[in-house]
Amino acid sequence: GAVVSQHPSWVICKSGTSVKIECRSLDFQATTMFWYRQFPKQSLMLMATSNEGSKATYEQGVEKDKFLINHASLTLSTLTVTSAHPEDSSFYICSAGGLAGAGEQFFGPGTRLTVL
Amino acid sequence: KQEVTQIPAALSVPEGENLVLNCSFTDSAIYNLQWFRQDPGKGLTSLLLIQSSQREQTSGRLNASLDKSSGRSTLYIAASQPGDSATYLCAVKVQAGTALIFGKGTTLSVSS
């Protein structure tokens, strides 16, 4: 299957700082990328959908000014958590789809964010 | 709005047992359905993808079925092993290009 990478795999930051998470499709072009958040023992909740070259579409309840998404190329999307607070601590997972086969979505390994 | 439910939430079985995990979705108009495995603190591993026109998919000891009209899918695991212990997630895609909608998962524990 296609490979999606995320960087960093984990990050610890102080409250009030901003954190950028990168999501890359390594061997295919992803017209669409999705960002999910997963709290402990919970399922994945979709945060936003990003399409290359256009603004992201955010799910209800997700603050677009807090979670900045940029999808500047067909292989890279970034999620920036601005002015992070402890309640933003979570597991963030990106997913890519599009040109790669039959509507299958491929997931990155996730980024564990801890805000102190 | 599409909702995905997985039953049971947790399951413990001895090694060697065959088992079935259940997934149901409220709207039968789906594009495809995927089953994933997630180990603690890790990302998702795709197990099986079933297109809306398909009835089942098989990979090794895993078999997933899809009954779109009744809004159900099952994941059958044959001859379970301790290494199968993980959380299994079911997810549906409503339309091409849209995001997967996930159930809450079934946490499986296989004892040796």
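Everything quoted here is computed from the prediction, not taken from an experiment.

(A) Structural view of the overall build of chain A. What chain A contains, in helices and strands, is zero helices and eleven strands. For 116 residues, the compact-globule formula gives about 13 Å, and the C-alpha radius of gyration of chain A, at 13 Å, lands near that figure. Its C-alpha atoms give chain A principal-axis dimensions of about 40 × 25 × 20 Å. Counting only residues that meet the buried cut, chain A has 48% of its 116 residues in that class. Counting contacts in chain A only where the partners sit at least 6 residues apart, residues at least 24 apart contribute 55% of the total. In the structure as shown, chain A presents an accessible area of about 5,700 Å², 54% of it carried by carbon and sulfur atoms.

(B) Summary view of the interface of chain A and chain B. The interface of chain A with chain B comprises 17 residues on the first partner and 21 residues on the second. Carbon and sulfur atoms make up 54% of the area that chain A and chain B hide from each other, which totals about 1,300 Å². For the interface between chain A and chain B, the tally reads zero salt bridges. The interface formed by chain A and chain B holds seven residue pairs in polar contact (both at pLDDT 80 or more) in total. Mapped by element, the contributors of at least two residues to the side of chain A that touches chain B are strand E4 (32–38) and strand E9 (90–97) of chain A. Looking at the side of chain A that touches chain B element by element, the count peaks at four residues for E4(A). Considering only residue class, the side of chain A that touches chain B consists of nine nonpolar, six polar and two charged.

Rules and cut-offs
Residues numbered from 1 in each chain as written. Chains lettered and ligands numbered in written order. Predicted model: local features only at pLDDT ≥ 70, side-chain atom pairs only at ≥ 80, totals over all residues. Heavy atoms only, no water. Helix = DSSP H or I, 4+ residues; strand = E, 2+ residues; numbered from the N terminus. Rg over C-alpha atoms; globule rule 2.2 N^0.38 Å. Buried < 20%, exposed > 50% of the residue type's maximum accessible area, 1.4 Å probe, protein only. Contact = heavy atoms within 4.5 Å. Areas by Shrake-Rupley, 256 points an atom, 1.4 Å probe, with all protein chains shown as cover. Buried area = accessible area lost by both parts, 1.4 Å probe. Salt bridge = Lys/Arg side-chain N within 4 Å of Asp/Glu carboxyl O. Polar contact = N/O pair within 3.5 Å; in protein donor to acceptor, adjacent residues only side chain to side chain. Nonpolar A, V, L, I, M, F, W, Y, C, P; charged D, E, K, R; others polar.

Everything listed here is a matter of coordinates, which is why it stays silent on function.
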